[in-house]
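Single-letter residue listing:
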Amino acid sequence: MRLKILITGGAGYIGSMLTTKLVNLGHDVHVIDTLVYSKESLNHLFIKKNFFFHFEDVRNKKKLKKLIKKVDLVIPLAALVGAPLCEKNPKMAVELNLKNIKFIIKNLSKKQKIIYPTSNSGYGIGEKNKFCDENSPLNPISLYGRTKADAEKEVLKHENSVCFRLATVFGYSYRMRSDLLVNNLVYLSLKEKKLKIFEPHFRRNFIHISDVVEAFVFAIENFSLLKSNIYNLGLSTANITKIQLAKKIKKQVKQLKIKVIKNRKDPDQRDYFVSNRKVEKKGFKALVSLDEGISELIQYFNFNKKNIHNNY
Ligand SMILES: NC(=O)c1ccc[n+]([C@@H]2O[C@H](COP(=O)([O-])OP(=O)(O)OC[C@H]3O[C@@H](n4cnc5c(N)ncnc54)[C@H](O)[C@@H]3O)[C@@H](O)[C@H]2O)c1
């Protein structure tokens, strides 16, 4: 089935990969983006007749309303992403991450659908030997986390909605980020041949970007099975600690030295394992391993040392 889809922030890290996939599947895809980080991430799509780019701020209500009217499905990705960036621009964080989502929901008809990604960082500090699931209490500690958690509540007021709580994403994208944990540690391993790890036993869950894209496609194709619900979205074999991640990288970057730094706090106090069983029971499972992703990143960073525009 050919859908009309609007992706806000479709030129970003997740957006550029997702837009490419959906255009290639034959959907009519509209992207609205101000190209804050990369001017080039969608260049390869300008040849496609089913791709429509709108260089516009999502806060332009008139334009956004007009675009929403045209489509069957909205995927809002435009946001200020990450705690440090939101602390720097709190007003814009609330405008983009929360008020803009409220505006989209208000302008959706009952029949129109929305798929919304938020972060699983709201789980904060999990209990020892226990996995957080979708019923675990959310306790976001940053403004970024709070705006995303509040926006998720708004999205769920719309019946035709699916929310994904994403693990930390890794892997290559047309709009590259090296500030995400796996991407960052691989980048530093190659650049400095040395990793300083503090709070090495902090636990995290990860997911490759192509699995994120596949999950969105799965949600589009199985919407009625998933709708009105929240799903954790991560790779179940990638619930590991920071030191385990560093050791995985060392297996592929032999000369790497890992140093554990004691008595230093990680500004990011997340520490939890996440259960992805709910989405897996519906039929979607993330598959790309951390080893595959690390190998991909090593090759990418070896050949592309410049032109990476990070969020912070
Ligand atoms: N990457 C992750 O690990 C991750 C994890 C969980 C959730 N998410 C969510 O996924 C979404 C996308 O994240 P990402 O990693 O692709 O981030 P990103 O920063 O790469 O993408 C955001 C995009 O939004 C665009 N944008 C920013 N302000 C805009 C404005 N005012 N008008 C129009 N466009 C604007 C930017 O140009 C960029 O292309 C966000 O909502 C984020 O919260 C990401």
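Please read all numbers here as calculations on a predicted model, not as lab measurements. (Residues numbered from 1 in each chain as written. Predicted model: local features only at pLDDT ≥ 70, side-chain atom pairs only at ≥ 80, totals over all residues. Heavy atoms only, no water.)

**A short note on the domain arrangement of the protein chain**
You can read the domains of the protein chain as domain 1 (4-170 + 206-235) and domain 2 (181-205 + 237-303). For domain 1 and domain 2, the distance between their C-alpha centroids amounts to 24 Å. Domain 1 puts 37 residues into the contact, and the matching count from domain 2 is 31 residues. Between domain 1 and domain 2, roughly 3000 Å² of surface is buried when both sides are summed, and carbon and sulfur atoms account for 61% of that area. Among the residues domain 1 hides against domain 2, the three largest losses belong to Phe170, Phe206 and Leu235. Together they make up 28% of the total. There are 0 salt bridges connecting domain 1 and domain 2. Put simply, domain 1 and domain 2 have 16 residue pairs in polar contact (both at pLDDT 80 or more) between them. (Domains from an automatic or database assignment. Contact = heavy atoms within 4.5 Å. Buried area = accessible area lost by both parts, 1.4 Å probe. Salt bridge = Lys/Arg side-chain N within 4 Å of Asp/Glu carboxyl O. Polar contact = N/O pair within 3.5 Å; in protein donor to acceptor, adjacent residues only side chain to side chain.)

**Overview of the nonpolar core**
If you look at the biggest cluster of nonpolar residues, it comprises 67 residues, and the most contacted ones within it are Ile75, Ile115, Phe164 and Leu245. Of all the elements, helix 7 (residues 209-221) adds the most residues to this core, at 9 residues. Looking at this core, you find at least three residues from each of domain 1 (4-170 + 206-235) and domain 2 (181-205 + 237-303). In this view, Ile115 contacts Leu73, Val74, Ile75, Pro76, Val162, Phe164, Phe216, Ala219, Ile220 and Phe223; residues no more than four positions away in its chain are not counted. Core analysis: the second largest hydrophobic core is formed by 28 residues, Leu6, Leu96, Val155 and Cys163 among them. (Core = buried A, V, L, I, M, F, W, Y, C linked by side-chain atoms within 4.5 Å. Buried < 20%, exposed > 50% of the residue type's maximum accessible area, 1.4 Å probe, protein only. Helix = DSSP H or I, 4+ residues; strand = E, 2+ residues; numbered from the N terminus.)

**Description of the sheet that holds strand 5 (residues 113-119)**
Spatially, 7 strands are ordered 3-2-1-4-5-7-11 in an open sheet, and the strand pairing comes out parallel. Two strands in the sheet have a free side with no partner beyond their single neighbour: strand 3 (51-55) and strand 11 (229-233). Averaged over all pairs of adjacent strands, the angle between their axes in this sheet comes to 20°, without regard to strand direction. Sheet topology note: the strand 4 (residues 73-76)/strand 5 ladder contains 2 bridges and is parallel. Bridging across to strand 5, Leu73 finds its partner in Lys113. Packing of helix 2 (residues 61-70) onto the sheet brings it into contact with strand 1 (4-8), strand 2 (28-33) and strand 3, and relative to strand 1 it is tilted by some 150°. (Pairing = 2+ DSSP bridges. Axes fitted to C-alpha atoms, helices over the stretch in contact; angles between N-to-C directions.)

**A look at unusual backbone geometry**
Positive phi is not limited to glycine here, since Leu35 has a value of about 50°. With respect to the helices, strands and loops of the structure, Leu35 is situated in the loop between strand 2 and strand 3. We note that Glu199 has phi near 45°; this positive angle belongs to a residue other than glycine. With respect to the helices and strands, Glu199 occurs in the loop between strand 9 (194-198) and strand 10 (203-208).

**Here's the deal with the packing of helix 2 against helix 4 (residues 90-106)**
It is at 10 Å that the axes of helix 2 and helix 4 come closest, and there the two elements cross at 45°. It follows from the interaxial angle that helix 2 and helix 4 lie oblique. For the element pair helix 2 and helix 4, the recorded crossing hand is right-handed. Between helix 2, through Lys61, Leu64, Lys65 and Ile68, and helix 4, the contact on the second element is made entirely by Asn100, Phe103 and Ile104. Taken together, the residues of the contact of helix 2 with helix 4 sort by class into 4 nonpolar, 1 polar and 2 charged. (Parallel < 35°, antiparallel > 145°, perpendicular 65-115°, else oblique. Left-handed = near helix turned anticlockwise from the far one by under 90°. Nonpolar A, V, L, I, M, F, W, Y, C, P; charged D, E, K, R; others polar.)

**Digging into the pattern of salt bridges**
When the charged atoms of two side chains with opposite charge come close together, those side chains can pair. For the coordinates displayed, the defined rule picks out 12 salt bridges. Close ionic contact of Lys91 with Glu95 constitutes a salt bridge, the shortest N to O distance being 3.2 Å. Highlighted residues: Lys91 and Glu95, both in helix 4, separated by 4 residues, approximately one helical turn. Lys91 sits in the exposed class, given a relative accessible area of 64%. Across the pair Lys285 and Glu280 runs a salt bridge whose closest N-O atoms are separated by 3.9 Å. Residue classification places Glu280 among the partly exposed residues on the basis of a relative accessible area of 23%. Through salt bridges with shared partners, one network takes in Asp57, Arg59, Lys91 and Glu95.

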